[in-house]
Amino acid sequence: MKSFVFPEFQITRDEEKCGQCRGCERQCAFSTHTYDPVADRLTSDDYKCVGCQRCVIFCPKNAIVVRPTPSFYRPNASWSREKLEDLKKQAETGGVILTGCGSDKPFRIYWDHIVLNASQVTNPSIDPLREPMELRTFLGAKPDLMDISAKDGDVEIKTELSPNLMVETPILFSAMSYGAISYNAFRSLATAACKSGTYFNTGEGGLPREMREEFGRCAIVQVASGRFGIDAEYLNCAQAVEIKVGQGAKPGIGGHLPGEKVSAAVAETRMIPMGTDAISPAPHHDIYSIEDLSMLIFALKEATNYEKPISVKIAAVHNFAAIASGIVRAGADIIAIDGLRGGTGAAPKAIRDNVGIPIELAISSLDRRLRGEGIRNRCSIVAAGGIRCSSDVIKAIALGADAVYIGSAALIAMGCTLCQKCYTGKCNWGICTQDPRLSGRLNVDIASQRLSNLITAWSHEISEMLGGMGINALESLRGNRDHLRGVGLYEWELDVLGIKGAGE
């Protein structure tokens, strides 16, 4: 069947510059570039290009340019090029359109419509280079009251405290499973987390046994509906356990790791047969109520000797605040809330782009709901889904989060160009693939150093912004929405965010 769809990208090769080294052919896993021995020249198939830019970056002669193909369709406000081509693809294949990464739709990005306060005279700024700046965060339940005693200058806490995660900076690496990403990418996240005093989340694919002793001290392990890779050692080697109920990229539906990505090592870690599809059902088949969830929470607490905080990850959807309130009352120590711009390795495009709400609105709604019910201290809030820079982190904390998860930002730091073809397993950058030839392109030492540098840079910027606001501890900013103002927002948006308009 002849395809009626135009190629997404257009490849231009400067024949005078091109040395016919065939490097582009070797770099592309999608067979976009091929060598014709008869004509002794390289040719490129625009239809196979995914726009990852790897051939452009690694061309020694700078002979290749990859650009989006201009739209040749008559302009139509209702029928965009994307809508036309998605429809044509489905008419040609009869299949669900899959995609990776987070939603690329032009929903309002509230971070860019929120500005921060700054100190003036009566509340002087603080110089973080010369004065202490506290970025350390504790994630977990806190007591209503603390019974302390002081004697000879020593303070003793008599209240029994719940287990908490101590994070040196309020930035954690989001759940990305081994299988969805390569072993090298997975290990890079773990290495960087331990080096930076933070944590990485294993996702639902388990934790390879050879990594447990070395990286368990900075791991949050996940229990998802598929129950992949879970055993007593897995739960106890880590510092926290997270129950995944939903995620921002695909709320209400399950996960699917194609059999092509289930290598022998992935199969061993997930405890499934090699080459079989790893399907996570949409619901946990033992959770159909808050009471059922509470049973699982306390089963995991029992399995870990009540020594680790239990987190529950949910997607930001219409009734999430009420659900989260029930989750806290069910015994969860941490609520991880994932907004609609959350990334994924594979999701139906129709779900990714049309379900969920922005994380900015969700954070404020959840924080205010829990405060109103008097239970905010019984859990910490970790926000995810669209955190792009250090100012987003600061704004998330001022809206009510304790810390944030970063996923796409971490992948970009390792080299990802958001080509959205993660589900193919042919990642040219060696990140979302199980092909040994491709995954070997990602050097763990270099990738982990880039991730560590990112955490360091953002932490410095957070300290600078806090100092500029006259705040010397992250704790003083948490949920302090008076330090935020909205620009170009409707009244209802300001009301949901719980902030005033600029100038007020």
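The following refers to the structure shown. (Residues numbered from 1 in each chain as written. Predicted model: local features only at pLDDT ≥ 70, side-chain atom pairs only at ≥ 80, totals over all residues. Heavy atoms only, no water.)

### Overview of the overall build of the protein
Here is step 1: From N to C terminus, the protein includes 16 helices and 23 strands.
Here is step 2: Its C-alpha radius of gyration of 24 Å places the protein within 12% of the 23 Å reference for a compact globule of 504 residues.
Here is step 3: Reported as C-alpha extents along the three principal axes, the dimensions of the protein are approximately 90 × 55 × 45 Å.
Here is step 4: Counting all 504 residues of the protein, 52% fall into the buried class. (Helix = DSSP H or I, 4+ residues; strand = E, 2+ residues; numbered from the N terminus. Rg over C-alpha atoms; globule rule 2.2 N^0.38 Å. Buried < 20%, exposed > 50% of the residue type's maximum accessible area, 1.4 Å probe, protein only.)

### As for helix H11 (residues 359–372)
Here is step 1: Helix length check: H11, at 14 residues, gives a terminal C-alpha distance of 20 Å against a target of 20 Å (1.5 Å per residue), a fit within 8%.
Here is step 2: Looking at the packing, one finds that the buried side of H11 touches helix H9 (320–329), strand S18 (334–338), strand S20 (380–384), helix H12 (390–399) and helix H16 (491–497).
Here is step 3: Positive backbone phi, at 75°, marks Gly374, one or two positions downstream of H11. (Expected span 1.5 Å × (residues − 1). Contact = heavy atoms within 4.5 Å.)

### Some details on the sheet that holds S20
Here is step 1: Taken together, the 8 strands give a closed barrel; going around it, the order is S11-S12-S13-S14-S17-S18-S20-S21, and neighbouring strands pair in parallel fashion.
Here is step 2: Direction of pairing for strand S12 (residues 200–201) relative to strand S13 (residues 219–223): parallel, over a ladder of 2 bridges. By the bridge assignment for S13, Phe200 is matched with Ala219.
Here is step 3: H11 rests against S18 and S20 of the sheet, and its axis sits at about 170° to S20. (Pairing = 2+ DSSP bridges. Axes fitted to C-alpha atoms, helices over the stretch in contact; angles between N-to-C directions.)

### Thoughts on a nonpolar patch on the surface
Here is step 1: Among the surface-exposed residues, Met146, Ile148, Val155, Ile157 and Leu161 lie close enough to one another that they form a single nonpolar patch of about 470 Å² accessible area.
Here is step 2: By secondary structure assignment, the location of Val155 is in strand S9 (residues 154–157).
Here is step 3: Judged by relative accessible area, Val155 falls into the exposed class, the value being 59%. (Patch = residues over 30% accessible without salt bridge, like charges linked within 9 Å, V, L, I, M, F, W, Y side chains within 5 Å. Areas by Shrake-Rupley, 256 points an atom, 1.4 Å probe, with all protein chains shown as cover. Salt bridge = Lys/Arg side-chain N within 4 Å of Asp/Glu carboxyl O.)

### Thoughts on the sheet that holds strand S6 (residues 114–116)
Either a parallel or an antiparallel arrangement is found when strands of a sheet pair, and the pairing is made through backbone hydrogen bonds.
Here is step 1: With mixed pairing, the 3 strands of this open sheet are ordered in space as S6-S22-S23. For this open sheet the edge positions go to S6 and strand S23 (500–501), each flanked by a neighbour on one side alone.
Here is step 2: Sheet analysis places strand S22 (residues 484–486) next to S23, joined by 2 bridges and oriented parallel. Looking at the pairing, Arg485 lines up with Lys500 of S23.
Here is step 3: Across the sheet, H12 touches S6 and S22, and the angle it forms with S6 is around 90°.

### With respect to the state of the cysteines
Here is step 1: One pass over the structure, following the stated rule, counts 1 disulfide.
Here is step 2: Through a disulfide, Cys194 is tied to Cys218; the S-S separation comes to 1.9 Å. As the torsion about the S-S bond is roughly -60°, the Cys194-Cys218 disulfide counts as left-handed. Taken together, the residues Cys194 in helix H4 (residues 183–196) and Cys218 in the loop between helix H5 (209–215) and S13 connect sequence positions 24 residues apart. With respect to burial, Cys194 and Cys218 carry one shared label: buried. (Disulfide = S-S within 2.5 Å.)

### Topic: the side chain of Asp333
Here is step 1: Within the secondary structure, Asp333 sits in the loop between H9 and S18.
Here is step 2: When its relative accessible area of 5% is taken as the criterion, Asp333 is described as buried.
Here is step 3: Excluding residues that lie within four positions of it along the chain, Asp333 makes contacts with Gly140, Ala141, Lys301, Lys308, Pro309, Ile310, Arg378, Cys379 and Ser380.

### Observations regarding the nonpolar core
Here is step 1: Of all hydrophobic cores here, the largest spans 127 residues; its most connected members are Phe173, Phe200, Ile337, Ile406 and Ile431.
Here is step 2: When neighbours within four sequence positions are excluded, Ile406 is seen to be in contact with Ile171, Leu172, Phe173, Ser174, Met176, Ile387, Leu454, Ile455 and Trp458.
Here is step 3: Core analysis: the next-biggest nonpolar cluster, separate from the first, contains 11 residues, Ile11, Cys24, Cys49 and Cys59 among them. (Core = buried A, V, L, I, M, F, W, Y, C linked by side-chain atoms within 4.5 Å.)

### A short note on the pairing of strand S11 (residues 171–175)
Here is step 1: Counting buried positions over the 5 residues of S11 gives 4, a clear majority of the element.
Here is step 2: Pairing of S11 with strand S21 (residues 403–406), which is carried by 3 bridges, proceeds in the parallel orientation. Residue pairing across strands places Phe173 opposite Ile406, the latter belonging to S21.
Here is step 3: Where S11 meets S12, 2 bridges bridge the pair, whose relative direction is parallel. When the sheet's bridge partners are listed, Phe173 is paired in S12 with Phe200.
Here is step 4: Taken together, S11, H4 and S12 form a β-α-β motif whose crossover is right-handed. (Right-handed = clockwise from strand over helix to strand, strands pointing away.)

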